[in-house]
Amino acid sequence: MDFIELARSRYSCKSFDSRQISKEQLDSILEAGRLAPTAKNLQEQHVYVVQSAEGLAKVDALTPCRYGAPTMLIVAFDKNNVFTYPGQKYDSGIEDATIVTTHMMLCAKSVGVESCWVNFFDPDKMAEAFQLPANEEILTCLALGYAAEGAGPLANHNSRKPIEETVTYL
């Protein structure tokens, strides 16, 4: 599958069955995140893999958006190891963690695994529940698994603005 087809076919799966993804699939997904570009190659991301019943119960207590996925990735970044841009207004933490998560999401699709970006939770409560280091800030969670029977993209999945509305040549 070429990249554009991969990007077109990926959707936010909101109903997973209980089958666990393989170690090989998970390893590929995590490797894609590891290879993602980060500002100044600081690689400030930290990905936590949650697959245990106890861990998934903690996730469920904090968000209704696991959708039955048997694997959740918690994507955080070390807020003390980010690149601060000129003007001191922005740093690279959020964008780098976003790039890492996007790489993993697209790789998941390429290896036959569905995903859903989950940000409907309180990151401080999630960090507390998993006793994550104070220097790390959670950006998102990524639900991973196989789509349940009948699952599919939302009705508006293929609705896109014309490129002329989103791109301007200067």
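Our subject in this report is the structure included herewith.

Considerations on the pattern of salt bridges
Part 1 of the reasoning: What the rule picks out here adds up to five salt bridges.
Part 2 of the reasoning: Residues Glu114 and Lys109 are paired through a salt bridge, measuring 3.0 Å at the closest nitrogen-oxygen approach.
Part 3 of the reasoning: Looking at Lys109, the relative accessible area reads 16%, which means it is buried.

Describing a nonpolar patch on the surface
Part 1 of the reasoning: Taken together, Ile163, Val167 and Tyr169 make up a surface patch of nonpolar side chains, about 380 Å² in accessible area.
Part 2 of the reasoning: With respect to the element layout, Tyr169 can be found in the segment after helix 6 (163–166).

Focus on the side chain of Thr101
Part 1 of the reasoning: Turning to its location among the elements, Thr101 is positioned in helix 4 (residues 93–110).
Part 2 of the reasoning: If we skip the residues at most four places from it in the chain, Thr101 touches Val75, Trp117, Thr140 and Leu142.

With respect to the environment of Thr98
Part 1 of the reasoning: Here Thr98 lies in helix 4.
Part 2 of the reasoning: In this structure, the C-alpha to C-alpha distance between Thr98 and Leu139, residues 41 residues apart in sequence, is 7.7 Å.

A few points about helix 4
Since the α-helix advances by 3.6 residues per turn, residues separated by three or four positions end up pointing in the same direction.
Part 1 of the reasoning: When the terminal C-alpha atoms of helix 4 are compared, their 26 Å separation across 18 residues agrees well with the 26 Å that a helix rising 1.5 Å per residue should span.
Part 2 of the reasoning: Within helix 4 the residues assigned to the buried category are Gly93, Asp96, Ala97, Val100, Thr101, Met104, Met105, Leu106, Cys107, Ala108 and Lys109.
Part 3 of the reasoning: Its buried side turned inward, helix 4 meets helix 1 (3–9), helix 2 (23–35), strand 1 (45–50), strand 2 (71–78), strand 3 (114–118) and strand 4 (136–145).

Rules used throughout
Residue numbering note: each chain is counted from 1, following its sequence as written. Reporting of local features is limited, given that this is a predicted model, to residues whose pLDDT is at least 70; pairs of side-chain atoms are given and counted only at 80 or more, and all residues count toward the totals for whole chains, interfaces and linings. Hydrogens and water molecules were not included; the side-chain quantities draw on all heavy atoms of the structure. Whenever a carboxyl oxygen of Asp or Glu lies within 4 Å of a side-chain nitrogen of Lys or Arg, that contact is scored as a salt bridge. The buried label goes to any residue with under 20% of its type's maximum accessible area, the exposed label to any with over 50%, and the partly exposed label to all in between, with areas taken from a 1.4 Å probe on protein chains only. Candidate patch residues must exceed 30% relative accessible area and have no salt bridge, after which like charges are joined if within 9 Å and Val, Leu, Ile, Met, Phe, Trp or Tyr side chains if within 5 Å. Where accessible areas are quoted, they stem from the Shrake-Rupley method and a 1.4 Å probe; at the residue level, only the protein chains shown are allowed to cover. Strands here mean DSSP runs of E at least two residues long; helices mean DSSP runs of H or I at least four residues long; both are numbered from the N terminus. In this analysis, two residues are considered to be in contact whenever any of their non-hydrogen atoms come within 4.5 Å of each other. One fewer than the residue count of a helix, multiplied by 1.5 Å, yields its expected span.

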